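Notes for the structure review
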Amino acid sequence: MKKIALINHGCAKNLVDSELILGILSENGYQITLDENETDIVIVNTCSFICDAEKESIRTILELVEKGKKVIVAGCLAQKHSKELKKAVPEIAGMIGTTDFIKIVEVLKNIDKGYISEISEKPVYNYPENIKRQQITTGASSYIKIADGCNYRCGYCIIPYLRGNYHSRKIEDILCEAKDMVKKGVTEIILIAQDTTGYGIDIYKKPMLSELIKELNKIEGLGWIRIMYAYPNQMTDELLKTIAECDKVVKYIDIPLQHSHPEMLKLMNRPVFDYRNLIKKIRKIIPDVSIRTAFIVGYPGETEEYFNHLCEFVKEMKFDRMGVFCYSREKGTPSYLLKPQVSKRVSKSRYNKLMKIQQEISKEKNKNFIGKTLPCIIEYCSDEGEIIARTQYDAPEIDGVVNIKTDKIVIPGDIEQVKIIESSEYDLIGKI
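Below is a summary of the structure that appears in this document.

Rules of the game
Residues numbered from 1 in each chain as written. Predicted model: local features only at pLDDT ≥ 70, side-chain atom pairs only at ≥ 80, totals over all residues. Heavy atoms only, no water. Helix = DSSP H or I, 4+ residues; strand = E, 2+ residues; numbered from the N terminus. Rg over C-alpha atoms; globule rule 2.2 N^0.38 Å. Buried < 20%, exposed > 50% of the residue type's maximum accessible area, 1.4 Å probe, protein only. Pairing = 2+ DSSP bridges. Axes fitted to C-alpha atoms, helices over the stretch in contact; angles between N-to-C directions. Contact = heavy atoms within 4.5 Å. Parallel < 35°, antiparallel > 145°, perpendicular 65-115°, else oblique. Left-handed = near helix turned anticlockwise from the far one by under 90°. Nonpolar A, V, L, I, M, F, W, Y, C, P; charged D, E, K, R; others polar. Core = buried A, V, L, I, M, F, W, Y, C linked by side-chain atoms within 4.5 Å. Salt bridge = Lys/Arg side-chain N within 4 Å of Asp/Glu carboxyl O. Polar contact = N/O pair within 3.5 Å; in protein donor to acceptor, adjacent residues only side chain to side chain. Phe/Tyr/Trp six-rings, centres within 6.5 Å; stacked < 30°, edge-to-face > 60°. Lys NZ or Arg CZ within 6 Å of the ring centre and 35° of its normal.

A closer look at the overall build of the protein
For the protein, the count of helices and strands is 12 helices and 19 strands. Relative to its length of 432 residues, the protein is compact, with a C-alpha radius of gyration of 22 Å against a globular reference of 22 Å. Taken along its principal axes, the extent of the C-alpha atoms in the protein is 65 × 55 × 45 Å. Split into buried and exposed, the 432 residues of the protein put 56% on the buried side.

Pasting the structure below:
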């Protein structure tokens, strides 16, 4: 069997799909590699969430074609632009959409017989439970996709049109995967979906995230459980109490709010209510919680008044972690035709201003950790003695890290008690 390479772009949800593709290839006897120089066939799992992500994926495809590789394009870009891609880059050897990756073997078998396209016009995501993922990432943490697709239609988001409506996995299947990961040495599992708080509503007729994490909390040998991508109107008292009470669930809420002004939330087709009360409720029920959020600036119709409202909201709420994104105009989304559009120059200026506000907040919050001893998960140890870890208040890749000074031998995946001795805007320094 031929050796196949894979290059992954995009979010953690895409990463899981890539690992499933590798699992399918492995079970069908293919040799797999992450080094495209080792083979002439390369699968590129692409992202199409915003324009910059599309450009990155296209750049990779063109570079591989120029090297004479047989390129199979998978994922969101193939789902969104299959005809345009084939016309622009006729050398593409194959293409599969967001929910068709189970057909990758069929495409590979026909790769020398001309172009094969496998794109479902109406994608329906069904997680292939019989496939064992071949994990790309190794270390302390691993992602578990508990659902895919989305029933919401936020004004800026193309995802529901690329991945279809919300589809949950069964609790028993998720538990089985989590236990398997723990046996392999994973310390932290991170639950992901387009909206984790909606988990189970399609198959159990009610949200079941609370029940799921209660069951996950029972797994022996598991250190931490982290929940990403919560939706504002699904943050029920029951869910918050479960997070507070389950000892393995980190006290970390990732809840992208996108904006604060009610008129902007209406334009975005987001839940419209006073988010101040929600944030206060979260902090009351989970006293030591770290709240991460994200906002979009420069969305069509955002006036100076609306942006200033957002700035004051951020100053008042003092989020522990925060991301800011400049609006990206995407064809096929409800916001594409909205007017007036905000210029890129104004969007960038607003981005810089909001990030500067948050930088000061983050700097002050990190100072409060100095002198405290925090459990930290060891992520990386170099031969030169560099040790990188994370607190429970930091998700991998998007939040801060702890640089550790110690003579003690530590192993990635271990959770160590670390005394914090210094801080910066985003990172900490500690010792064991």
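After presenting the structure, the write-up continues.
Details of the sheet that holds strand β17 (residues 402-405)
The mixed closed barrel is built from five strands, whose spatial order is β15-β16-β17-β19-β18. Along the sheet, successive strands turn relative to each other by an average axial angle of 50°, direction set aside. Examined bridge by bridge, strand β15 (residues 373-381) and strand β16 (residues 387-391) share five bridges and lie antiparallel to one another. Within the sheet, the bridge partner assigned to C381 lies in β16 and is I387.

Regarding the sheet that holds strand β10 (residues 188-192)
Strand pairing in a sheet relies on backbone hydrogen bonds. The paired strands run either parallel or antiparallel. Reading across from one edge, β7-β10-β11 is the order of the three strands in this open sheet, with parallel pairing throughout. The sheet is open, and its two edges are formed by β7 (141-145) and β11 (224-227), each paired on a single side. With direction set aside, neighbouring strand axes in the sheet form an average angle of 25°. The pairing of β10 with β11 spans four bridges and is parallel. Bridge pairing in β11 places L191 opposite I227. Packed onto the sheet, helix α6 (residues 171-183) meets β7 and β10 and runs at close to 165° relative to β7.

Observations regarding the packing of helix α11 (residues 304-317) against helix α12 (residues 344-367)
Look at α11 against α12: their axes get within 10 Å of each other, and the N-to-C directions meet at 10°. It follows that α11 is roughly parallel to α12 by the angle criterion. Crossing of α11 against α12: the hand is right-handed. For the pair formed by α11 and α12, the contact residues are E304, F307, N308, L310, C311, V314 and K315 on the first element and R350, K353, L354, I357, Q358 and I361 on the second. In terms of residue class, the contact of α11 with α12 is made up of seven nonpolar, two polar and four charged.

Observations concerning the nonpolar core
Of all hydrophobic cores here, the largest spans 57 residues; its most connected members are I189, L191 and L354. The residues contacting L191, other than those within four sequence positions of it, are I144, I146, T196, L209, L212, I213, L216, I225, R226, I227 and M228. Judged by nonpolar contacts, the second largest core, of 36 residues, contains A12, V16, Y143 and W224.

Brief notes about the pairing of strand β19 (residues 428-431)
Going residue by residue along β19, you find L428 and G430 tucked away on one face and I429 and K431 left uncovered on the opposite face. The pairing of strand β18 (residues 415-423) with β19 spans four bridges and is classified as antiparallel. Looking at the pairing, K419 lines up with K431 of β19. In this antiparallel pair of consecutive strands, β18 and β19, the connection spans four residues.

Focus on the pattern of salt bridges
Side chains that differ in sign of charge can pair as their charged atoms come close. Inspection of every chain in the model, using the stated rule, returns 32 salt bridges. The salt bridge partner of K80 is E330, with a shortest N-O separation of 3.3 Å. Of this pair, K80 sits in helix α3 (residues 76-88) while E330 sits in the loop between β14 (321-326) and α12, and the two are 250 residues apart along the sequence. A salt bridge links R276 to D274, with the shortest nitrogen-to-oxygen separation between them at 3.7 Å. Using a relative accessible area of 38% as the deciding quantity, one classes D274 as partly exposed. Among the ionic contacts, a cluster of salt bridges with common partners joins E19, E129, R133, R169 and E177.

Side note on the environment of Y275
Here Y275 lies in helix α10 (residues 275-285). There is a polar contact of 2.7 Å between the side chain of Y275 and the backbone oxygen of P271.

Quick notes on the pairing of β7
Counted residue by residue, β7 has five buried out of five residues, so it is predominantly covered. Residues of β7 alternate between two faces, with S141, Y143 and K145 on one and S142 and I144 on the opposite face, all of them buried. With five bridges connecting them, β7 and β10 associate as parallel partners. Looking at β10, one finds that S142 is bridged to I189.

Quick look at the environment of K266
Along the chain, K266 turns up in helix α9 (residues 262-267). The exposure class assigned to K266 is exposed, which follows from its relative accessible area of 52%. With 111 residues separating them in the primary sequence, K266 and G155 have C-alpha atoms 9.2 Å apart.

Quick notes on the packing of aromatic side chains
A ring pair, where both rings are aromatic, is described by two values, the distance of the centres and the angle of the planes. Under the defined criterion, the tally for this structure stands at nine aromatic pairs. Where Y299 meets Y327, the ring centres are 5.2 Å apart and the plane angle is 75°; that geometry is what we call edge-to-face. One end of the pair, Y299, is in the loop between β13 (290-297) and α11; the other, Y327, is in the loop between β14 and α12, and 28 residues separate them in sequence. Judged by its relative accessible area of 0%, Y299 is buried. Ring pairs connect the aromatic residues Y156, Y299 and Y327, which therefore count as one cluster. Cation over ring: K13 sits above Y229, and NZ or CZ is 3.7 Å from the ring centre. Here R169 stacks its cationic end above the ring of Y127, 3.6 Å away from the centre of that ring.

Quick look at the packing of α10 against α11
Where α10 contacts α11, the two axes come as close as 11 Å, and the packing angle between them is 15°. When the axes of α10 and α11 are compared, the pair comes out roughly parallel. Considering only the axes of α10 and α11, their crossing is right-handed. Contacts between α10 and α11 pair Y275, R276, I279 and R283 from the former with H309, F313, E316 and M317 from the latter. Counted by class, the contact of α10 with α11 contains four nonpolar, one polar and three charged residues.

Purely spatial values, then, with no claim about function.
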